[in-house]
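Residue-level structure breakdown
Given next are the chains, with one letter for each unit.
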Amino acid sequence: MKHKPISKIVIVGGGTAGWMIAAALSRVMGGIPGFSIQLVESEAIGTVGVGEATIPQIAGFNRLLGVDEMEFVRETHASYKLGIEFVDWVREGHSYIHPFGSFGIDMLGVEFRHFWLRGHEFGADDPIESYSIAAMAAKAGRFDWPRPDRPRSPISKLAYAFQFDTGRYATFLRRFAEGAGVVRIEGQVVDIAQDSESGFLTSLTLANGKEIEGELFIDWSGFRSLLLGQTLGVPFIDWSNWLPYDSAVAVPCALGGRNEPLTRSTARPAGWQWRIPLQHRIGNGHVFASNYMDREHATSILLENLDGEMLAKPHHLTFTAGRRALAWDKNVVALGLSAGFLEPLESTSIHLVQSGIARLLTLFPDSDFSELETARFNAETEKEYRDIRDFLVLHYKATERDDTEFWRYCRNLEAPDGLAEKIAMFRSSGRIFREENELFTEESWLAVMLGQGIFPERYHPTARLLDESETLARLQHIREAIAGTVTQMPTQAQFLSRHGGTIAMHNEAL
């Protein structure tokens, strides 16, 4: 039972995602005899490069590569991220934080939220974020590493991610990958050869006439999906009925305003604006629906709401929310934008590349390309996109806003079945179920459902085992423990300076 191992990998597309793929494959599989990775990219083809914010899984990816965290932070001019602040999403003047990590402490075998709901009956009206170390530290502009050696302290449960310059991250990973033997080839693909019987790709031809042979092809060619979509004809499934925005404009600006370790999302009349503070600048963008707002108006809204001097010309993007019907067909695996697109509202773009890489490594084929592995890859990818889609739709569906045609459309759209069930269950009893290890945890669903104004009618009966005085005392103790811990944490600028994570100059506002 011998099957020939695959040894020739060809990646089409560079940028952040392309070099993430190359770095991970070379790290894990580079020691296999005869194993080679070639990455084809063209400087003439721009990259999207706006996904500067991440979620905590990025730290695990960096550890897989053996990357030193402070070197990474310096090289990419990164800042830390403890969550996302949503401004004006429920109604104008309202805001809430979706923090990383947990809320409070589970008690009597029941999730903390049920005791928090019980406390509301007794007049304890503190917002749920008061019981999150990540939310409270972010609002105070403070950061420190988690302390698992102090299990009784709130800081033991701190989770974090990064906000970084994606162009610098691509350069950082390219050095890593090329040092592990990855070969970069400059050029544009002009022809793709396929086996006449199987339809499998056999080689690519570049504009300069160079032919590149491969056994497994990774499609990171962006929205055009050159290999999977155009060549193999895998159709695109349009989700714009649930996610109706199709455009974005992005621009960096100089540092200004308050720069906590948070990504900020501010709702606008036909979409939303992101704000991502790094060490050396702020990344800004405006995602909008062109059916409800034209490009000029969207750009003016963005430029009128910058906290510092504009550092480059606005960059415009168009897209359609959805996914390819298959992410793996024949000997082509699509990752990132080639496989689908879900807007950056919850900073999942880079994660979807990362999770696709992990899935590919787990199901890495040999020369027979078993349909079992391919089917599993496609099923898991489809589920992940669907789960994230539902979480994104929640932000639009659960709103009180009816001040524009766009928001009236969003609040009246029919939620996907899975989301509708989650909302109904939470509203009825405060219960949340994480389906088959989906990306977003129960705590994430809790933060956004409460933040978007969905409040449960009941809570778990076990919470009634604590009387009023005991319930209020425990809630107060948790709030005070978190608040006390936050005051002992350094500011983000102090943390970066102490641990050698700053670039040449840093702003104390960080």
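This write-up is about the structure you can find in this document. (Residues numbered from 1 in each chain as written. Predicted model: local features only at pLDDT ≥ 70, side-chain atom pairs only at ≥ 80, totals over all residues. Heavy atoms only, no water.)

1. Here we look at the overall build of the protein chain
Inclusion rule: Going along the chain from the N terminus, every DSSP run of H or I of four or more residues is numbered as a helix, and every run of E of two or more is numbered as a strand. In this treatment the radius of gyration is a C-alpha quantity, and the globule benchmark scales as 2.2 Å times the residue count to the 0.38 power. Burial status follows relative accessibility: with a 1.4 Å probe on protein chains alone, a residue under 20% of its type maximum counts as buried, one over 50% as exposed, and anything between as partly exposed. We call two residues in contact whenever any of their non-hydrogen atoms come within 4.5 Å of each other. Calculation of accessible area relied on Shrake-Rupley with a 1.4 Å probe; when residues are assessed, cover is drawn exclusively from the protein chains displayed.
If you tally the helices and strands in the protein chain, you get 15 helices and 21 strands. Taking 510 residues into account, the globule formula puts the C-alpha radius of gyration at 24 Å, and the protein chain, at 24 Å, falls close to it. Overall size of the protein chain, expressed as C-alpha extent along the three principal axes, is 75 × 55 × 50 Å. A total of 510 residues make up the protein chain; the buried ones form 57% of that total. Excluding contacts between residues fewer than 6 apart, the proportion of contacts in the protein chain whose partners are at least 24 apart in sequence is 76%. Accessible surface, the protein chain as shown: approximately 21200 Å² in total, 48% of it carbon and sulfur.

2. Overview of the pattern of salt bridges
The condition that has to hold: Only one rule defines a salt bridge in this text: a Lys or Arg side-chain nitrogen within 4 Å of an Asp or Glu carboxyl oxygen.
Enumeration according to the criterion identifies 31 salt bridges in this entry. Residue Glu-186 pairs with Arg-184 through a salt bridge whose shortest N-O separation is 2.6 Å. A relative accessible area of 34% means that Glu-186 is categorised as partly exposed.

3. Describing the environment of Gln-163
Rules: Two N or O atoms form a polar contact when they lie within 3.5 Å of each other; inside protein one atom must be a possible hydrogen donor and the other a possible acceptor, and for residues adjacent in sequence the pair counts only when both atoms belong to side chains.
The residue Gln-163 is located in strand β6 (residues 161-163) in this model. The sequence separation of Gln-163 and Ile-350 amounts to 187 residues, and the corresponding C-alpha distance is 11 Å. A polar atom in the side chain of Gln-163 sits 3.4 Å from the backbone oxygen of Tyr-80.

4. Focus on the sheet that holds strand β18 (residues 322-324)
Selection rule: Strands pair, by our definition, only if DSSP identifies at least two bridges between them.
Taken in spatial order, the three strands make up an open sheet running β12-β18-β21, and their pairing is antiparallel. Of all the strands in the sheet, just β12 (236-238) and β21 (340-341) have a single pairing partner and so form its edges. Judged from the two bridges that link them, β18 and β21 form a sheet pairing that is antiparallel. Each residue of the ladder has a partner; that of Arg-323, found in β21, is Gly-340.

5. Here we look at the side chain of His-286
Following the sequence through the fold, His-286 ends up in strand β16 (residues 282-288). Separated by 2.9 Å, the side chain of His-286 and the backbone oxygen of Ala-298 make a polar contact. Leave out the neighbours within four places in its chain, and His-286 touches Ser-247, Ala-248, Val-249, Arg-268, Trp-272, Gln-273, Trp-274, Met-293, Ala-298, Ile-301 and Leu-302.

6. Details of the packing of aromatic side chains
The relative placement of two aromatic rings is captured by the distance of their centres and the angle of their planes. Stated precisely, the cut-off is as follows: Centres within 6.5 Å make a pair out of two Phe, Tyr or Trp rings, where for Trp the six-membered ring is used; the pair is then stacked when the planes are under 30 degrees apart, edge-to-face when over 60, and tilted otherwise.
This structure, assessed with the given rule, holds 33 aromatic pairs. A centroid spacing of 5.5 Å and a plane angle of 70° characterise the contact between Tyr-80 and Tyr-160, whose relative ring orientation is edge-to-face. In this pair, Tyr-80 sits in strand β3 (residues 79-81) while Tyr-160 sits in the loop between α5 (133-139) and β6, placing the two residues 80 residues apart along the sequence. You'll find Tyr-80 and Tyr-160 in the same group, each marked buried.

7. A few points about the packing of helix α2 (residues 57-65) against helix α9 (residues 349-362)
The condition that has to hold: To obtain an axis, a line is fitted to C-alpha atoms, over the contacting stretch when the element is a helix, and the angle between two such axes runs from 0 to 180 degrees between their N-to-C directions. Reported orientations rely on four angle classes, namely roughly parallel under 35 degrees, roughly antiparallel over 145, roughly perpendicular from 65 to 115, and oblique for the rest. For a crossing to be left-handed, the near helix must be turned anticlockwise from the far one by less than a right angle; the clockwise case is right-handed. Gly is placed with the polar residues, together with every amino acid not listed as nonpolar (Ala, Val, Leu, Ile, Met, Phe, Trp, Tyr, Cys and Pro) or charged (Asp, Glu, Lys and Arg).
Running from N to C, α2 and α9 cross one another at 45°; their axes reach a closest spacing of 10 Å. Taken together, the axes of α2 and α9 are oblique relative to one another. When the axes of α2 and α9 are compared, the crossing they make is left-handed. Touching Gln-57, Ile-58 and Phe-61 of α2 are Ile-350, His-351, Gln-354 and Ile-357, all from α9. Here the contact of α2 with α9 is composed, by residue class, of four nonpolar, three polar and no charged.

8. A few points about the layout of surface pockets
To be explicit about the condition: Both cavities and pockets are sets of points on a 1 Å grid over the protein atoms alone; in a cavity a 1.4 Å probe fits but cannot get out, in a pocket the set is open with protein on both sides within 12 Å along at least five of seven lines, and lining residues sit with an atom within 4 Å of a point. Grid points are joined across faces, edges and corners, and a volume is the space filled by probe spheres set on the points.
Taken as a whole, the second largest pocket spans an internal volume of roughly 340 Å³. If you go around the second largest pocket, you meet 15 residues; those closest to its centre are Arg-359, Glu-380, Glu-436, Asn-437 and Glu-438. Put simply, the parts of the chain that give the lining of the second largest pocket at least two residues each are α9 and α10 (371-397). Sort the elements by how many residues they give to the lining of the second largest pocket and α10 lands first, with seven residues.

9. Observations regarding the packing of helix α1 (residues 15-29) against α2
Contact geometry of α1 with α2 gives a least axis separation of 9 Å together with a crossing angle of 45°. In terms of orientation, α1 lies oblique with respect to α2. Of the residues in α2, those in contact with Met-20, Ala-23, Ala-24, Arg-27 and Val-28 of α1 are Phe-61, Leu-64 and Leu-65. Here the residues of the contact of α1 with α2 sort into seven nonpolar, no polar and one charged.

10. A closer look at empty space enclosed by the protein
Counted under the stated rule, the structure contains three cavities of 30 Å³ or more. Volume-wise, the second largest cavity comes out at about 50 Å³. In this structure, the second largest cavity is lined by 13 residues; those nearest its centre are Leu-335, Leu-352, Gly-356, Thr-381 and Tyr-385. The class makeup of the residues in the lining of the second largest cavity is seven nonpolar, four polar and two charged.

11. Some details on the pairing of strand β11 (residues 216-219)
In β11, alternate side chains face the same way, and those of Leu-216 and Ile-218 on one face and Phe-217 and Asp-219 on the other are all buried. Bridge count between strand β1 (residues 8-12) and β11: four bridges; the pairing is parallel. Pairing of Val-12 across the sheet is with Asp-219, part of β11. Pairing geometry for β11 and strand β20 (residues 332-334), over three bridges, is parallel. Considered in β20, the bridge of Ile-218 is made with Val-333.

12. Let's talk about the sheet that holds strand β10 (residues 211-213)
Strands sit in the order β8-β9-β10 across an open sheet of three strands; the sheet is antiparallel. This sheet does not close on itself; its edge strands, each paired only once, are β8 (189-194) and β10. The mean inter-strand angle of the sheet, taken between neighbouring strand axes irrespective of direction, is 20°.

13. Remarks on the side chain of Ser-203
Position of Ser-203 relative to the elements: it lies in strand β9 (residues 201-206). Judged by its relative accessible area of 5%, Ser-203 falls in the buried class. Of the polar contacts made by the side chain of Ser-203, one reaches the side chain of Glu-211; its length is 3.3 Å. Ignoring any residue separated from it by four or fewer positions in sequence, one finds Ser-203 in contact with Asp-191, Ile-192, Ala-193, Glu-211, Ile-212, Glu-213 and Phe-217.

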